Amino acid sequence: MQFFISQNFLANFRSISKKKAKYHCISKSLFEEFYGKSDEEIAGRGSNLSNSSAVTVIKKKRCKTCGNNGKSGGFRVLTIVNTHSKKYGLFMLYPKWGPLAKDSATKDEWKS
């Protein structure tokens, strides 16, 4: 299994990581979301936004939160999964709560 990270994802991660008071657990949350998981577990955790026989675009429902934020907290990770080649692209990351919170990604953000 190989992971590829977009420039957008990296910029999101760096921005979120700077806000340690709110988002101190981002690295741990991402690690737990992907490490040791089978292809089926990764591909099955989230909403399919696009699906073909080989490539699936997934909006991860929620990675773990950094506190007691309930279902409205956590992070969203937009991922492209190619199950045939076992390659994963991490394209966007955003928190669901706190100062950098977003409800969803905009069309312009998808294009970047």
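Look a little higher up for the structure.
Novice: In this structure, what is going on with helix α3 (residues 26-34)? I would like to understand it.
Specialist: Each α-helix winds once per 3.6 residues, and so residues spaced three or four apart point in a common direction. Residues of α3 that are buried: Ile26, Ser29, Leu30, Glu33 and Phe34. Along α3, the residues classed as buried sweep out an arc of 115° about the axis, all on the same side. In this structure, the buried side of α3 is in contact with β1 (2-5), α1 (7-18), α2 (20-23), α4 (39-44), β4 (75-82) and β5 (87-95). Residue glycine 36 follows α3 closely and has a positive phi angle near 75°.

Novice: What exactly am I supposed to notice about the pairing of β4 here?
Specialist: A regular strand carries its side chains on alternate faces of the sheet. Counting buried positions along β4 yields six of eight residues, so the element is predominantly enclosed. Bridge analysis of β4 against β5 gives eight bridges, and the strand direction is antiparallel. By the bridge assignment, valine 77 is partnered in β5 with leucine 93. Connecting β4 to the antiparallel partner β5 that follows it, the hairpin turn spans four residues, and lysine 86 within it adopts a positive phi of roughly 60°.

Novice: Looking at this model, I keep getting lost on the packing of aromatic side chains. Mind explaining?
Specialist: Two measures describe an aromatic ring pair: the distance that separates the ring centres and the angle between the ring planes. Following the criterion strictly, the structure yields four aromatic pairs and no others. Aromatic side chains phenylalanine 3 and phenylalanine 34 sit 5.4 Å apart centroid to centroid with 75° between the ring planes, which places their arrangement in the edge-to-face category. Of this pair, phenylalanine 3 sits in strand β1 while phenylalanine 34 is found in helix α3, placing the two residues 31 residues apart along the sequence. Taken together, a centroid distance of 4.7 Å and an interplanar angle of 15° make the contact between phenylalanine 31 and tyrosine 35 stacked. Note on tyrosine 35: relative accessible area 59%, which makes it exposed. Put simply, the rings of Phe3, Phe34 and Tyr88 pair up and form one aromatic cluster.

Novice: Explain α1 to me, please; I cannot follow it from the model alone.
Specialist: In a regular helix each residue adds 1.5 Å, so 12 residues correspond to 16 Å; α1 covers 17 Å between its end C-alpha atoms and thus fits that length. Regarding α1, the residues found buried are Phe9, Asn12 and Ile16. Projection of α1 onto a plane perpendicular to its axis shows the buried side chains occupying an angular sector of 65°, all on one side. Across from the buried face of α1, at angles greater than 90 degrees, the exposed residues are Gln7, Arg14 and Lys18.

Cut-off values and rules
Residues numbered from 1 in each chain as written. Predicted model: local features only at pLDDT ≥ 70, side-chain atom pairs only at ≥ 80, totals over all residues. Heavy atoms only, no water. Buried < 20%, exposed > 50% of the residue type's maximum accessible area, 1.4 Å probe, protein only. Helix = DSSP H or I, 4+ residues; strand = E, 2+ residues; numbered from the N terminus. Arc of directions from axis to C-beta. Contact = heavy atoms within 4.5 Å. Pairing = 2+ DSSP bridges. Phe/Tyr/Trp six-rings, centres within 6.5 Å; stacked < 30°, edge-to-face > 60°. Expected span 1.5 Å × (residues − 1).

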